Amino acid sequence: MRLLRPGVTVPVVALRALLFALPCAALALALPQVPHGWVVVGVVVSAAAWAWLPDHAVGVVPLVLVGGWWAVHDVVDWRLLVVGVLLVAAHLAATLASYGPSTLAVDPRLARLWLARGVLALVPLPVTWLAVRGLDPGLAPSWLWLAAAATVVALLLATARLVRPEVS
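Definitions and limits used
- Residues numbered from 1 in each chain as written.
- Predicted model: local features only at pLDDT ≥ 70, side-chain atom pairs only at ≥ 80, totals over all residues.
- Heavy atoms only, no water.
- Helix = DSSP H or I, 4+ residues; strand = E, 2+ residues; numbered from the N terminus.
- Buried < 20%, exposed > 50% of the residue type's maximum accessible area, 1.4 Å probe, protein only.
- Contact = heavy atoms within 4.5 Å.
- Areas by Shrake-Rupley, 256 points an atom, 1.4 Å probe, with all protein chains shown as cover.
- Axes fitted to C-alpha atoms, helices over the stretch in contact; angles between N-to-C directions.
- Parallel < 35°, antiparallel > 145°, perpendicular 65-115°, else oblique.
- Nonpolar A, V, L, I, M, F, W, Y, C, P; charged D, E, K, R; others polar.
- Salt bridge = Lys/Arg side-chain N within 4 Å of Asp/Glu carboxyl O.

What follows covers the overall build of the protein. For the protein, the count of helices and strands is seven helices and zero strands. Put simply, the protein has 168 residues, and 27% of those count as buried. Sequence-distant contacts, at least 24 apart, represent 71% of the contacts inside the protein between residues at least 6 apart. Here the protein has roughly 11000 Å² of accessible surface; of this, 75% comes from carbon and sulfur atoms.

Axis angle and axis distance: for two packed helices, these are the angle between their axes and the distance between the axes, and together they describe the pair. Where helix α3 (residues 60-72) meets helix α4 (residues 79-97), the axes come as close as 11 Å, and the angle between the chain directions of the two elements is 170 degrees. What the angle tells us is that α3 and α4 run roughly antiparallel. Note on element contacts: α4 touches α3 through R79, L80, V83 and L87, opposite L63, V66, G67 and W70. Of the residues in the contact of α3 with α4, the class split is six nonpolar, one polar and one charged.

All chains considered together, the criterion is met by two salt bridges. Between D77 and R79 there is a salt bridge whose closest N-O contact spans 3.0 Å. A salt bridge links R109 to D107, with the shortest nitrogen-to-oxygen separation between them at 3.9 Å.

Below, the structure is given as structure tokens:
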């Protein structure tokens with residue numbers, strides 16, 4: 001009995017399984033404090049949709065829900081570092097899975113390239129975490145971190161647009 005459709009490769013199935021599991025695991029790190037039911041349902045459903053359609057914009061939903069939950073609850077312990085790694089790993093899995101249909105094998109050189117980019121994207125995480133741990137939470141409320149994150153994303157998008165090679 002065959003579990004996969006003909007032509008579907010095991011690495012692609014593994015990437016799609018990671019797309020579902022990683023955002024859920026990042027939210028599960030909140031335990032024993034249980035997130036609101038709608039947040040849990042939103043993460044599970046949107047992560048499942050993202051695993052089904054890795055190149056769809058629905059992938060933003062589980063990332064924003066998980067990141068938003070952690071930001072709103074003022075949690076700045078070691079779990080935040082793990083959540084950051086899990087969310088970047090989910091994004092990398094989506095990027096690799098979106099390079100073609102599920103019957104297309106994942107190119108090892110492409111996987112290494114994106115893994116290196118993911119590791120580079122994680123470089124600021126421990127530095128930022130240490131800086132945030134050293135700040136007085138009364139002087140820096142949680143909304144400030146959301147605004148700073150939005151600013152960083154906007155700057156990254158602007159940088160990507162500026163360094164993009166022109167296509168003739």
